[in-house]
Structures are given as C-alpha cells and as structure tokens.
Amino acid sequence: MKCLLGTLALWAGAAGSVVAALAWAGLAGRRTATAATAAASGCAAAAFAVLEWALLTRDFQVGFVARNGGRGVPSYYTFTSLWSAVEGSLVLWALVLTGCALVAGLGRDEGPHRRIAMAVLMTLCACFLALVPLAANPFREVAAPPADGPGPNPLLRGHPLMGIHPPLLYLGYLALAVPFALGVASLVAGHAGRPVVRAMRRWTLAAWAALTAGIMLGAWWSYGVLGWGGYWEWDPVENASIVPWFTATASLHSLAVRDRHGSLGPWSAALAAAGFPLALLGTFLTRGGAVASVHSFTRSAVGPPLLGILTATLIATCGLLVWRAGRLRGAGEVPGGAGRGTAVGGASGDGRGASAGSARGDGRGTLVGGACGDGHGTPVGNACGDGRGTLVGAGVALLVTLAFTVLLGTLYPLVVKVLVGADVSVGPPYFNRVTVPLALALLVLMAVAPLVPPNRAWPPLRRLAWPVAAGAATVATLGFGRFGGFGSPGGFGGSGGPGGGHGPLPLVAFGLGAFVLAATALRVREVAGRHGPAAPVRASVRRRLGGSAVHAGVALAAVAIAGSSAYTHDARGRLEPGDTLWAGGYVLRLDGVERRRDADAMSVAARVSVFEDGRPAGTLRPSITFYPASGAPPVGVPAVRTGPLADLYVTVSEVDPADGTAVLRAAVNPLMALLWTSGAVMVLGALAALPRPGARRPRWARWGRHPRRGRQARRMPSAGIGGTEAPAVAVREDPGGPGVDSRETVGGPAR
C-alpha cells in the first residue's frame, strides 16, 4: 500500500504543478493558481511522509527501504537515511522546491512579474516531481522482501550533522530558484522596479544563509567523520556547493547597489539567474554519477534527465539574456535608456544617478548612460567619483572570477574524459594557487569599501589608520613570534592537511583578517554612535550591522583557514601498550585496545591517555567501525579534543588485537574552534540582515510627510514580488544648486 500511495502522491504533485504553472501563466485566476501550488506542495509532503513511514516501520517491501534500511539502525539515522541515496534525496529535493514555490506564491501582490516567476517555478516543480517516479522511484515494490536491509551508507551514519547538513544545502540551492524565476520574469517583461529587486535580494540572502550553514556543517562532518584530519579537499561535490555560494554573494552585493536605483540592470539579472543553474549543475554532479566522490551517488539512472533539465534551463536563460538584457529597465524609466535623472529632471544630472549622456559623476553609482559608465551595462558603480560603488563592483568581479576558476577546475576532467577519453585530475594545488590571491584581494575590498563616504573616491586616511595599524601589528607580532619562520612554502587554502609549512601567505592572511576586523569594528562604532542605543531595533541599521557581522565572520574564517592549513603539527607511529607518541606539545600513551559489538556494527578502539605539559589531560578512543551487512569498507572514527586555540585530532588506521598494537596518527590543528565560530557569525549576521517581507512601511512613507525633512510624497500602492508600480517620489527644493535634480526617492536607504 505504501508503494501505491507514494507513487500516486508524486504523480499528483506533478499534475498539480502543471495546473499551477498554467494558472499562473494566465489561464486561471489567482485563487486557482495558489490552490494548485498548495496542492503540489502537499503532495510532495505526502510522498516524503510515506517514505519516512516506510523507513521507520522497516517495510522492506518498499524498494528504497530494502536497499537503505536496517533493523539495527538507530531511529535518528533511519530517519536521515531518506537522503542517503539518490531516490530519497530527490523526494526531499521536490519537497523543498515546492515549499519555496508555495511561500513565494502566498504573497499579496499581483503583477506580471509574479505570475511569470510563479509559472517558471511551478514548471520546475513539475519537472522534478515527474523525474522521481520516472527515473528514480523509491516506491518500487520488491517481489521478495528481505528479512533485513544493509542500512544507509556507513559514512552517513557516524555523525549527527548528516541530519542537518544536506537539508540546509537543499534549502540554499532551491531558494535560489526564486531569484532565478524573478530574473527570468524581469527579462520577459523588459523591466523590473525596486520591489522586484528587493524580493530577489531577500530570497538570495535567505539562500546564502542556508548555503553557508550547510557548507560549514559539511566541513565539520568531513572533519569529524572521514578521519583524514581536514575539512575541505576541493572535492568536485564540495566545489559544486561553493560555486553557487560565490555567485550568490556576488549577486547580493550587486542587488544592494541596484536597489538604490530602483531598477535591476542586466548584470544583476544575470547574476541572480545564474545561481540556480549552478545548483542544478551540482545536483547533476552529485546524483548523475558524473564524478566519483564520497558525497556522490555514482550508480544512478537520473543523470540523463538531470542533464536535460540543466541544458534546457541554461539555453532558456542564456537566450533570454541575449535577447532581452538590452531592453531591461527600471519601473518608471522612459524607454530609450534614460534613467531617473533624465526621466524626472531632463538633461540635468541626478543627485543619485547621472542623466543619460551626462558627464556629471554619480554620487552613489551611475544609473544609465553618460561618460561615467552605464549602470545598465556594468554590474555596480563606476570610476567617476563613486568610490564605494567602484570597490563593490571590483568585489563582484572577483567573486565571479572565483566561481569561474573553481568551476573550470571541477569540470575540466569531465570535459577531457568526454572529448579524448583520457583520465586527468585537478587537485588542491591548482585551486589553492588560483583562489588564494583572489581571496586575499577580497579581504582588502571588504575592509576598505564600507569606509568610503558618499561622493568620495577613497576613504580619508584617518579612517584607514587604525585598521592598517592593526593589520601591521598582527603581522609583526606573529612574524617574530611563535608563528614565524619563512623557511618552507605554506600549504595554504583550507585543506587542513598535515605538515603545512610556515610560508608568508598565512601571515598575510592574518594581517588582512585583523585589517578587516578593525575596519568592521570602526564601521559598527560609527553606525551605533549615529543612531544611539536603539540602533539594532531599526530595520535599516540592523541590516547594516548584520552585514558587518558577515564581513567579520569571513575575516575570522580566513584567519582560521590560514592557521589550520599552515601550522598543523602531526606525528604517527605503531605503538605497543605503554608506548608514547609526541605531537605538538602533547604526549599520547597507548593503554590498550577495546572491542565492542552493536546491533549491526563492530568496532575496535584504541584507548589513548593524553598528557599536556606533563599533566593528564583525559582519555581518547579513536576507533575503526565495521558494518558487515553493508559490505562497505571499515570506517575510521577520529577522536577529537577541542580547545579554544587548537584541537588534538587522533586517528587509528590499524589495530592488531592479538598483541594489542595500533597505528596512531596524532595532529594538533590550530584555530579549528575559530573556524566553526566564524560560520555561526556569518549565518547569524545574514539572518539579522534579512528583511522581513511583511514589515510595515513607516507612517510618513505611507502618508506622505517625513517627520524631519518635511517633504511631501504621493501615496502609491506598494508592490512586492511581481509589483511593477513606480516608487513614490517626493519633490522638494534642493539647495544643491543647478545641475542637481530635485526629485528623490522617499523611503530609500539611509545615507
């Protein structure tokens, strides 16, 4: 019965998605479209619930349970085993995608953007809901059910983070589908105003937070389960998650600048639309069997259909960009390329955007035309007086370059394999060599850009004095202290591998990290001092403080990656009971070997006493676990003693129960706690900066009078996702003199 219920739920969800897509496209009313969207999401939830029901009740008549379930598997890992194989993971994928579509469709606003975007989203939902029963149906009935199953992949049942890491990554990937759909809608409509830009920015920020959390938890899982001592190996599937992260980061900064102008621009549309196809590429690499990885499902029949969906998405998106990008303009702009300054103030320059053909500089970033750059042809900013816009634009370019170089190194072996049939590999040396300089340059831009005042090309030297002094003092202190020594090249780039040297690059990273932290602290002090104790309560200030927290988290991560990759101390050896091993100030003594048998696993552990500075510091038990029913190789489980400055990481690779000997490896990995803390800081900062979609506008913005500036505004209807109304404008006499337009957006970002 479960097989029939699950299959019917998937097909009903696919049919409901088709009905919803047609309804949103204009063949039915909004109520019908919303109801069909909710029905599709409910069917995906029903399929998920039926599969979990089958797993938890150990119904081996269901094919997925027979291949991935087990009677001796704990309930938690039985629940999480749904995404341990390709069929179940696609059910979760469909559930998250339809859930995002439902949330996006429940807004109150109408308009062509929303209808087109929802039609695109529901088309994607229909494709994935139909893909599951056609190519990877987990509900196929088993003719002769086994008495017991092998259980999930042993690597996916040794750490509780596997219950959180994949769903967060799926949420990050699939939340990017909403800005993708909005970007497609903007290209089709030929215009996009501030409400659309803000909706794209809100969804991209939510996806970025989920991706960041998922990537950091995945690194933590790799560190705590795989036993190799590191957390990032530039694995193809790891790269498939970091490339959309780079693109989403670039899109956030581009959309933030475009939000000030109230229009999208083709570069911002391209960046917003690129995230989801890159997530689809990662899905193809993970579930299509294109790469061999500890993360991938190499035996899968969904590769060709996924490749077809990816190809169709890329062709449609690129075709729209080529066809319609030149016509993209903001709501309220006159056709022909004139921006806010020309549309409202004639030929004179706008105080916030240069007029078409004007040579006057833009105070915050040129909107259209002029000698100062084309806001519709460049991602953000220009070189004519807008220093912050120029630096943000450079950061966007660096992030896109990072994404491209990582993607190139990931796909190159696949392309060579397809074209010439040769097996080649691109390892960490390539990625470290090309990404480290770009990452260091990004740190500089992160520190300097927020300190640039409006209408200035560069921050005053007095604002840079303290951050520069902090960075220089850090380099000098560490360079002549215990972290000094430039005798060997540093193994830099986050691999966390043993034996890294003490090259100059880690010290540069430490100095730039201190530079960014000092600049961020200066920025936070200025914002808090300007707005007083109630600063965190105000939404605009909270977003600024959240962004500063994210920058601080990135700086902390850079410091932690530099320290953990370059200053690891390790030792290994075969020990008999009573023998000792020295590693980085710790003395480890092998006391003996222990055996244990669980319901479906057997483990052999080495009991190791730890001494620090001659004093006992506890006992560690690294182990090797065997899962006989799965037939998989044994899994090494490291023992980690976490400290505020360094971790003691002990693994056992070989045990001889006969004489009690064991082969141990001990590593002292510095700053690992700082790395995990930096991830938490980034996620919390992103959540703090996330605007509330239902937040009410200030009364003065709704009714027309600013309490301090005394300017009048026309009451205009608000527009959310898909709204196309022009933003309310206020007219006031501006003492700025001739050449400055007198119209300015009410309710825009604080300056």
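Definitions and cut-offs
- Residues numbered from 1 in each chain as written.
- Predicted model: local features only at pLDDT ≥ 70, side-chain atom pairs only at ≥ 80, totals over all residues.
- Heavy atoms only, no water.
- Helix = DSSP H or I, 4+ residues; strand = E, 2+ residues; numbered from the N terminus.
- Expected span 1.5 Å × (residues − 1).
- Buried < 20%, exposed > 50% of the residue type's maximum accessible area, 1.4 Å probe, protein only.
- Patch = residues over 30% accessible without salt bridge, like charges linked within 9 Å, V, L, I, M, F, W, Y side chains within 5 Å.
- Areas by Shrake-Rupley, 256 points an atom, 1.4 Å probe, with all protein chains shown as cover.
- Salt bridge = Lys/Arg side-chain N within 4 Å of Asp/Glu carboxyl O.
- pLDDT = per-residue confidence, 0-100.
- Contact = heavy atoms within 4.5 Å.
- Axes fitted to C-alpha atoms, helices over the stretch in contact; angles between N-to-C directions.
- Parallel < 35°, antiparallel > 145°, perpendicular 65-115°, else oblique.
- Left-handed = near helix turned anticlockwise from the far one by under 90°.
- Nonpolar A, V, L, I, M, F, W, Y, C, P; charged D, E, K, R; others polar.
- 1 Å grid on protein atoms, 1.4 Å probe; cavity = no way out; pocket = protein on both sides within 12 Å on 5 of 7 lines; lining within 4 Å.
- Points joined across faces, edges and corners; volume = space filled by probe spheres on them.
- Pairing = 2+ DSSP bridges.

**Student:** So what's going on with helix α9 (residues 194–225)? Which residues, and what values?
**Tutor:** Its 32 residues place the ends of α9 46 Å apart at the C-alpha level, agreeing with the 46 Å of an ideal helix rising 1.5 Å per residue. The buried fraction of α9 amounts to 28 of the 32 residues, a majority that puts the element mostly inside the structure. Where α9 terminates, the next one or two residues include Gly-227, which has phi positive at roughly 80°.

**Student:** Tell me about a nonpolar patch on the surface, and name the residues and values.
**Tutor:** A cluster of nonpolar side chains, namely Val-415, Val-418, Leu-419 and Val-420, defines an oily patch on the protein surface of about 430 Å² accessible area. With respect to the helices, strands and loops of the structure, Leu-419 is situated in helix α14 (residues 387–420). For Leu-419, a relative accessible area of 66% puts it in the exposed group.

**Student:** So, the confidence of the model for the protein chain: which residues are in play, and what are the values?
**Tutor:** Across the protein chain, pLDDT averages 79, with 78% of residues at or above 70. Scored below 50 in pLDDT, residues 331–385 makes 156 contacts in the model with residues more than four places away or belonging to other chains. Low pLDDT, under 50, characterises residues 483–501; the predicted model gives this stretch 59 contacts beyond four residues in sequence or across chains.

**Student:** Could you give an account of the packing of α9 against helix α19 (residues 672–689), with specific residues and numbers?
**Tutor:** Geometry of a packed helix pair, given as the angle between the helix axes and the separation of the axes. Closest axis-to-axis distance for the α9/α19 pair is 9 Å, and the angle between their directions is 165°. Classed by the angle they form, the pair α9 and α19 counts as roughly antiparallel. When the axes of α9 and α19 are compared, the crossing they make is left-handed. Here α9 contributes Leu-205, Trp-208, Ala-209, Thr-212, Ala-213, Met-216, Ala-219, Trp-220 and Tyr-223 to the contact with α19, which in turn contributes Met-672, Leu-675, Trp-676, Ser-678, Gly-679, Met-682, Val-683, Ala-686, Leu-687 and Ala-689. Grouping the constituent residues of the contact of α9 with α19 by class yields 16 nonpolar, 3 polar and no charged.

**Student:** Summarise empty space enclosed by the protein; cite the residues concerned and give the values.
**Tutor:** Any empty space left between atoms is shown by rolling a water-sized probe over those atoms. All told, the structure shown has 3 cavities of 30 Å³ or more when counted by the stated rule. Space inside the largest cavity adds up to approximately 70 Å³. What lines the largest cavity is simply Asn-239, Ala-240, Val-243, Pro-244, Leu-278, Leu-281, Gly-282, Leu-285, Leu-407, Thr-410 and Leu-411. Elements represented by at least two residues in the lining of the largest cavity include exactly α10 (236–261), α11 (266–287) and α14. Taken together, the residues that form the lining of the largest cavity break down as 8 nonpolar, 3 polar and no charged. What lines the second largest cavity is Tyr-77, Thr-80, Ser-81, Trp-83, Ser-84, Pro-152, Leu-156 and Met-162.

**Student:** Describe the environment of Met-216, with residues and values.
**Tutor:** When you line up the elements, Met-216 lands in helix α9. Sequence-wise, Met-216 and Val-683 are 467 residues apart; in three dimensions their C-alpha atoms are separated by 9.9 Å. With sequence-adjacent residues up to four places away left out, Met-216 is seen in contact with Leu-675, Trp-676, Ser-678 and Gly-679.

**Student:** Provide a residue-level description of the pattern of salt bridges, including the pertinent values.
**Tutor:** A full pass over the atoms with the stated rule returns 11 salt bridges. Of the charged contacts, one joins Glu-654 and Arg-574 as a salt bridge, the two residues approaching to 2.9 Å between their closest N and O atoms. Here Glu-654, found in strand β9 (residues 646–656), pairs with Arg-574, found in strand β1 (residues 569–575); they are 80 residues apart in sequence, far enough to count as distant. Owing to a relative accessible area of 48%, Arg-574 belongs among the partly exposed residues under this scheme. One continuous salt-bridge network, built from bridges that share partners, spans Asp-570, Arg-572 and Arg-665.

**Student:** So what's going on with the sheet that holds strand β8 (residues 639–642)? Which residues, and what values?
**Tutor:** Taken together, 4 strands build an open sheet; the order of strands is β1-β10-β9-β8 and the sheet is antiparallel. Bordering the open sheet on either side are β1 and β8, each of which pairs with just one other strand. The average undirected angle you get between the axes of adjacent strands in this sheet is 15°. As judged from the 10 bridges shared by β9 and strand β10 (residues 661–670), these two strands associate in the antiparallel manner. Bridge pairing in β10 links Val-650 to Ala-666.

**Student:** How would you explain the pairing of strand β4 (residues 602–612) if you had to name every residue and give the values?
**Tutor:** Counting buried residues along β4, 8 of its 11 residues qualify, which places the element largely inside the surrounding structure. Looking at chain direction, strand β3 (residues 586–597) and β4 are connected through 11 bridges and run antiparallel. If you follow Arg-589 over to β4, its bridge partner there is Ser-609. In this structure, the hairpin formed by β3 and β4 is closed by a connection of 4 residues. Bridging between β4 and strand β6 (residues 623–626) involves 4 bridges; their strand directions are antiparallel. Counted as the bridge partner of Ser-603 is Thr-625 from β6. Pairing geometry for β4 and strand β5 (residues 615–620), over 4 bridges, is antiparallel. Note on β5: the bridge partner recorded for Phe-611 is Pro-616. Linking β4 to β5, which pair antiparallel, is a turn of 2 residues; within it Asp-613 sits at a positive phi near 55°.

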